[in-house]
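# Chains, contacts and geometry: an overview
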Amino acid sequence: MITNIAKTFLKAPRSAQLGFIIIAINLFALAFAPALAPFTETEIIGKVWEPGIWAMDCSEEAIELHGACWSQLNDDRMDGKAWLGTDHIGRDLFTRLLYGARNTISIALVITGLSFLVGMTFGFLAATMRGWVDQIISRMVDILMAFPTLIFALIVLSVAGTSIPVLIVVIALLDSTRVFRLSRAVAMDITVMEFVEVARVRGEKLMWVMWREILPSTLPPLVAEFGLRFCFVFLFISALSFLGLGLQPPTADWGSMVKENSGAISFGVYNPLIPAAAIAFLTIGINLVVDWFLRKAAGLREEY
């Protein structure tokens, strides 16, 4: 398996290889966050919004105290480990970034997987049975999609609470409507093919037809959609956390980290840009891989 992954990576274009590297870095941070982090997730190790170890403090106070521009690396209290500085209450930003990757990415994967399980099940069911079953499911999905996703989520989370299980169920339910539309549309073309009709004539049960006959033929667009939907869910969780209805403090989350440190920009400290950049880089990496996968599935030649 490792050999096949290595061959696929080497044969991929440079843009896709960059995407794979970005994803691998984030997965590595997700898996080994406690081992990589120099401090605990909630430990206060310094003052508010202190710079990273390579940052130079050339303020009048620093020059008067040290006689020259002062490097954070020389601060013994920080022990040279606050690579990215501190946040709004003095916690290590690098540590929070690692744990934020673990929390945000893990929850986004669970939500995306659950939304695909629900959306694909009902999408294949509607495409296979058609008739009144298709009409009832489709109209229910239309009702959910009639409400703006963010507003609907804000209303539900405000009433039901912002615990992680509630957050997962609400976002997965909302996101499954998009998966339903795609899986139903793709399955509609598959259900009229001869091999599906043959399976029905053989007397295969509904679940067999859905998962053994229809699913394999719909994998390329669904796999690509999984990557895109993960990006949307990932950004949606970050947006909810920024608004205060996502993961709650002191749990580290990239969206809430941007919110908590946004005031630093007014003082010339750009710590909030670090988690925002992490969100952007992961999204770009996934989209690079998804774009390559779609081109490969379509049989298009890669030249870059």
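Here's a quick rundown of the structure. If you're wondering where the values come from, they're calculated on a predicted model, not measured in any experiment.

Cut-offs applied
Residues numbered from 1 in each chain as written. Predicted model: local features only at pLDDT ≥ 70, side-chain atom pairs only at ≥ 80, totals over all residues. Heavy atoms only, no water. Helix = DSSP H or I, 4+ residues; strand = E, 2+ residues; numbered from the N terminus. Buried < 20%, exposed > 50% of the residue type's maximum accessible area, 1.4 Å probe, protein only. Contact = heavy atoms within 4.5 Å. Areas by Shrake-Rupley, 256 points an atom, 1.4 Å probe, with all protein chains shown as cover. Axes fitted to C-alpha atoms, helices over the stretch in contact; angles between N-to-C directions. Parallel < 35°, antiparallel > 145°, perpendicular 65-115°, else oblique. Left-handed = near helix turned anticlockwise from the far one by under 90°. Nonpolar A, V, L, I, M, F, W, Y, C, P; charged D, E, K, R; others polar. Core = buried A, V, L, I, M, F, W, Y, C linked by side-chain atoms within 4.5 Å.

A word on the overall build of the chain. Within the chain, the secondary structure is distributed over 11 helices and 2 strands. Helices (α) and strands (β) of the chain occur, in sequence order from the N terminus, as α-α-β-α-β-α-α-α-α-α-α-α-α. Within the chain, buried positions represent 43% of all 304 residues. Of the contacts made within the chain by residues no fewer than 6 positions apart, 75% connect residues no fewer than 24 positions apart. As displayed, the chain has an accessible area near 16000 Å², and 69% of this comes from carbon and sulfur atoms.

With that out of the way, let us pick up the side chain of Glu260. Position of Glu260 among the secondary structure elements: in helix 10 (residues 254-261). Discounting chain neighbours no more than four positions away, the residues touching Glu260 are Trp49, His88, Arg91, Arg96 and Pro249.

Right, let's get into the environment of Ile137. Within the element layout of this structure, Ile137 appears in helix 5 (residues 131-145). A sequence separation of 14 residues divides Ile137 from Gly123, and the C-alpha atoms of the two residues are 8.5 Å apart. Discounting chain neighbours no more than four positions away, the residues touching Ile137 are Phe122, Leu125, Ala126 and Phe180.

Moving on, we get to the packing of helix 2 (residues 14-36) against helix 4 (residues 93-129). Any two packed helices are characterised by how steeply their axes cross, that is the angle between the axes, and by the distance between the axes. Look at helix 2 against helix 4: their axes get within 8 Å of each other, and the N-to-C directions meet at 125 degrees. What the angle tells us is that helix 2 and helix 4 run oblique. You can see that helix 2 and helix 4 cross each other, and the crossing is left-handed. Note on element contacts: helix 4 touches helix 2 through Phe94, Leu98, Tyr99, Ala101, Arg102, Ile105 and Ser106, opposite Asn26, Ala29, Leu30, Ala31, Ala33, Pro34 and Leu36. Looking at side-chain class alone, the contact of helix 2 with helix 4 contains 11 nonpolar, 2 polar and 1 charged residues.

Our next topic: the nonpolar core. Counting 40 residues, the largest nonpolar core has Ile105, Ile111, Ile171, Phe234 and Trp254 as the members making the most contacts within it. At the level of elements, helix 2, helix 4, helix 6 (149-160), helix 7 (164-191), helix 9 (206-242), helix 10 and helix 11 (273-297) are the ones that each hand at least two residues to this core. If one sorts the elements of this core by residue count, helix 4 sits on top with 9 residues. The contact partners of Ile171, leaving out residues within four places of it in the chain, are Ile111, Val233, Phe236, Ile237 and Leu240. Core analysis: the next-biggest nonpolar cluster, separate from the first, contains 21 residues, Phe180, Val209, Leu215 and Leu222 among them.

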